[in-house]
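Listed here are the chains, written in short residue letters.
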Amino acid sequence: MAMLIDVQAHQRLYLRSFHIFGRNRARCDTFLSAQDASQIHASIRWGGRAWTLVDHSRNGTTINGKRLAANIETALKIGHEIRFGLGAAAAWVVDNLDPPSEMLVPADEQLPALSLKRCHLLPDEAAPEAAVYLLPGGQWMWDNGVESVALQDGDVVRVGASEWRFLGSPALAATSDLGQLRCPDPENALFDFSVSQNEEHISLHISNAGNSADLGERTHHYSLLTLARRRLDDAGRGIEAASQGWIDAAQLSRMLGIDQAHLNIQIFRARNQIASALPGEGKLTDVIERRRGELRFGAFPFRIVRGASIEASFNPVLLAAAGSARHARGAAGMS
């Protein structure tokens, strides 16, 4: 993401794809305190190939001391010094002109910003306490180990004593219905569990729309397997899809023989591994769904092979179709 450096304060300013400067706090992304600054003084925008600066003010905007023509786009270059207002003491130097992207900007100026790439573990992958991940349709989610919530531009997320501010795309809707963000095409995704007879060894292979990846044997696969079996059991008992598979996190921790902090680490790592294995398949990041205090295996087909035999298979699309057919038959019988 493009960045300016405040020459006086030595602070970084990350640019949104359409970034407004001025004295109007309600309408501007960056507030200008100078008396000669206009309410809407200038804007910087990404045009697809370059970043351009436009002056909208009375008192002018300069690049390297040269006043810009009003309402005319000027392409920015690394090293340009920008001043808003002819007598402005504050100056910003163009330090980066990368294309815009969603970011997590740390409150600690000494730390670098994170340009988001589908899934990130915070504070790090070695000891994750939370995750930020992308859903189909472009919605970023925050998983804090208790629930998953949709991130909106400007939201602040915290892990321990550290905090980050989410800079999102202004094109995203302000509110998203989580029910509409689930995998839109689950029949194309398959989670294939291979389990030893004593269940001490569990490997996972995933495939989707012709792409596949072998995730090998990992400790966190047992958590996924347990959630998958829970969903399968609920489906077998005729529980509706919206309610299938949900289990209290404390109960799941007891079943696995681990504490909830360790369970969350496993869930974060599982989500991150799946996101990294098939980087073009954004829908798979939602394999583990959360709501307050509960989680479940998402609406994806899976198969469990134990030893040399198939233990079970699950396909939510086929189950939904069968349920619709039963409903139709029932309705016909009552008419």
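The notes below deal with the structure included here. (Residues numbered from 1 in each chain as written. Predicted model: local features only at pLDDT ≥ 70, side-chain atom pairs only at ≥ 80, totals over all residues. Heavy atoms only, no water.)

## Remarks on the packing of aromatic side chains
Heads up, the rule is: Between rings of Phe, Tyr and Trp, where Trp is taken as its six-membered ring, a pair exists when centres lie within 6.5 Å; planes separated by under 30 degrees are stacked, by over 60 edge-to-face, and by other angles tilted. Helix and strand assignments come from DSSP, with helices taken as H or I runs of at least 4 residues and strands as E runs of at least 2, each series counted from the N terminus. Summary of the burial criterion: residues with accessible area below 20% of their type's maximum are buried, those above 50% are exposed, and those between are partly exposed, where the area comes from a 1.4 Å probe applied to protein chains only. Our definition puts a charge over a ring when NZ of Lys or CZ of Arg is within 6 Å of the ring centre and also within 35 degrees of the ring normal.
In the structure shown here, the tally under the stated rule is 9 aromatic pairs. With 5.6 Å between their ring centres and 70° between their planes, Phe191 and Phe300 make a pair best called edge-to-face. Of this pair, Phe191 sits in strand S20 (residues 189-195) while Phe300 sits in the loop between strand S25 (294-297) and strand S26 (302-306), and the two are 109 residues apart along the sequence. Across the pair, exposure class does not vary: Phe191 and Phe300 are buried alike. Consider the rings of Phe297 and Phe302, whose centres lie 5.2 Å apart with planes at 70°: the pair is edge-to-face. Grouping residues by exposure puts Phe297 and Phe302 together as buried. Ring-pair connections join several aromatic residues into one group, and the members of that group are Phe191, Phe193, Phe297, Phe300, Phe302 and Phe314. Arg25 extends its terminal NZ or CZ atom over the ring of Phe31, reaching a point 3.7 Å from the ring centre. Above the ring of Tyr133, the side-chain terminus of Arg271 is found at 3.9 Å from the ring centroid.

## Observations concerning the sheet that holds strand S12 (residues 103-106)
Applicable threshold: A pair of strands is treated as paired once DSSP finds two or more bridges between them.
The 4 strands are arranged S13-S12-S19-S18 in an open sheet whose pairing can be described as antiparallel. With one partner strand each, in any of the chains shown, strand S13 (114-115) and strand S18 (156-159) form the two edges of the open sheet. In the sheet, S12 pairs with strand S19 (residues 162-167) via 4 bridges, with the strands oriented antiparallel. Bridging from a neighbouring strand, Met103 pairs with Leu167 of S19.

## Side note on the pattern of salt bridges
Where side chains of opposite charge bring their charged atoms close, a pairing between them can arise. Stated formally: A carboxyl oxygen of Asp or Glu within 4 Å of a side-chain nitrogen of Lys or Arg is what we treat as a salt bridge.
Enumeration according to the criterion identifies 15 salt bridges in this entry. With a shortest N-O distance of 2.5 Å, Arg16 and Asp153 are connected by a salt bridge. Taken together, the residues span a long stretch of sequence, with Arg16 in the loop between strand S2 (12-14) and strand S3 (18-22) and Asp153 in the loop between strand S17 (148-150) and S18 at a distance of 137 residues. A relative accessible area of 41% means that Asp153 is categorised as partly exposed. In this structure, Arg229 and Glu311 form a salt bridge, with 2.8 Å as the shortest nitrogen-oxygen distance. Residue Arg229 is found in helix H1 (residues 220-236), and its partner Glu311 is found in strand S27 (residues 309-314); the two are separated by 82 residues along the sequence.

## Remarks on unusual backbone geometry
With an omega of 0°, the peptide bond running from Leu122 to Pro123 counts as cis. Along the chain, Pro123 turns up in the loop between strand S14 (119-122) and strand S15 (130-134). Not every positive phi belongs to a glycine, and Asn64 is a case in point at roughly 50°. Checked against the element boundaries, Asn64 lands in the loop between strand S7 (61-63) and strand S8 (66-67). One non-glycine residue with positive phi stands out, namely Arg118, at about 85°. According to the relative accessible area criterion, Arg118 is buried, its value standing at 12%.

## As for the side chain of Arg290
This is how it is decided: As used in this structure description, the phrase polar contact means that two N or O atoms lie within 3.5 Å; if the pair is within protein, one of them must be able to donate a hydrogen and the other to accept it, and residues adjacent in sequence are counted only when both atoms belong to side chains. By definition in these notes, contact holds between two residues if any of their heavy atoms fall within 4.5 Å.
Tracing the sequence through the fold places Arg290 in strand S24 (residues 288-291). With relative accessibility at 4%, the residue Arg290 sits in the buried group. Of note is the side chain of Arg290, whose polar atom sits 3.1 Å from the backbone oxygen of Gly145. Here Asn264 takes part through its side chain, which lies 2.9 Å from a polar atom of the side chain of Arg290. Once residues lying within four places of it in the same chain are set aside, the contact partners of Arg290 are Asp143, Gly145, Val146, Glu147, Ser148, Trp246, Asn264, Ile267, Phe268 and Leu295.

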